[in-house]
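Residue strings, one per chain:
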Amino acid sequence: MNWCLKGLSVSIRRLVLDSLKPRETSIIELSQALCSVKGVEEVDITVTEVDVKTETIKLVIRGANIDYDALSKVMNDYGSIIRSIDEINVVRSKTTTAK
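In this text, all values refer to a predicted model and were calculated from it rather than measured experimentally. (Residues numbered from 1 in each chain as written. Predicted model: local features only at pLDDT ≥ 70, side-chain atom pairs only at ≥ 80, totals over all residues. Heavy atoms only, no water.)

Caption draft 1: Structural context of the overall build of the protein. Check the secondary structure of the protein and you find two helices and five strands. Along its sequence from the N terminus, the protein presents helices and strands in the succession β-β-α-β-β-α-β. Across the 99 residues of the protein, 32% fall into the buried class. Pairs at least 24 apart in sequence give 71% of the contacts found in the protein among residues at least 6 apart. (Helix = DSSP H or I, 4+ residues; strand = E, 2+ residues; numbered from the N terminus. Buried < 20%, exposed > 50% of the residue type's maximum accessible area, 1.4 Å probe, protein only. Contact = heavy atoms within 4.5 Å.)

This is how it looks when you write it as structure tokens:
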């Protein structure tokens, strides 16, 4: 997602998420689906806890301009929920306007 503020554009470059997913959801399939989201270039997933029906995972997502809403939708489509955003990196740049 890209926010514009008086000629400036703010883009998400990196997210660290704490998430809960069903055990039957493969982290390989989830990471590939997340990597197909607009603006995402790299996805790292680490399983941090395993329960009977769920796994707690830490996701590190990198890209030039991550679409957070699309990312959240893919997570939801795979039965995963974002419990918290533990880190975020954004960058501000000037927008160019067509003449």
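Next comes the rest of the description.
Caption draft 2: Here's a closer look at a nonpolar patch on the surface. A surface patch of nonpolar side chains, amounting to about 310 Å² of accessible area, comprises Ile27, Ile28, Val47 and Val50. Of all the secondary structure elements, the ones that give two or more residues to the nonpolar patch are helix H1 (27–35) and strand E3 (42–50). With respect to the helices and strands, Ile27 occurs in helix H1. (Patch = residues over 30% accessible without salt bridge, like charges linked within 9 Å, V, L, I, M, F, W, Y side chains within 5 Å. Areas by Shrake-Rupley, 256 points an atom, 1.4 Å probe, with all protein chains shown as cover. Salt bridge = Lys/Arg side-chain N within 4 Å of Asp/Glu carboxyl O.)

Caption draft 3: Layout of helix H2 (residues 68–77). When we look at burial in H2, the residues that qualify are Leu71, Val74 and Met75. Projection of H2 onto a plane perpendicular to its axis shows the buried side chains occupying an angular sector of 100°, all on one side. Relative to its buried face, H2 has exposed residues pointing more than 90 degrees away, namely Lys73, Asn76 and Asp77. Those residues of H2 hidden inside the fold are in contact with strand E2 (8–22), H1, strand E4 (54–62) and strand E5 (81–94). The N-cap residue of H2 is Asp67: its side-chain oxygen and the backbone nitrogen of Asp69 are 3.3 Å apart. Two residues or fewer after H2 comes Gly79, characterised by a positive phi angle close to 75°. (Arc of directions from axis to C-beta. Polar contact = N/O pair within 3.5 Å; in protein donor to acceptor, adjacent residues only side chain to side chain.)

Caption draft 4: Structural detail: the environment of Gly7. Positionally, Gly7 belongs in the loop between strand E1 (2–5) and E2. According to the relative accessible area criterion, Gly7 is partly exposed, its value standing at 39%. Considering only alpha carbons, one finds Gly7 and Lys94, 87 residues apart in sequence, at a separation of 5.9 Å.

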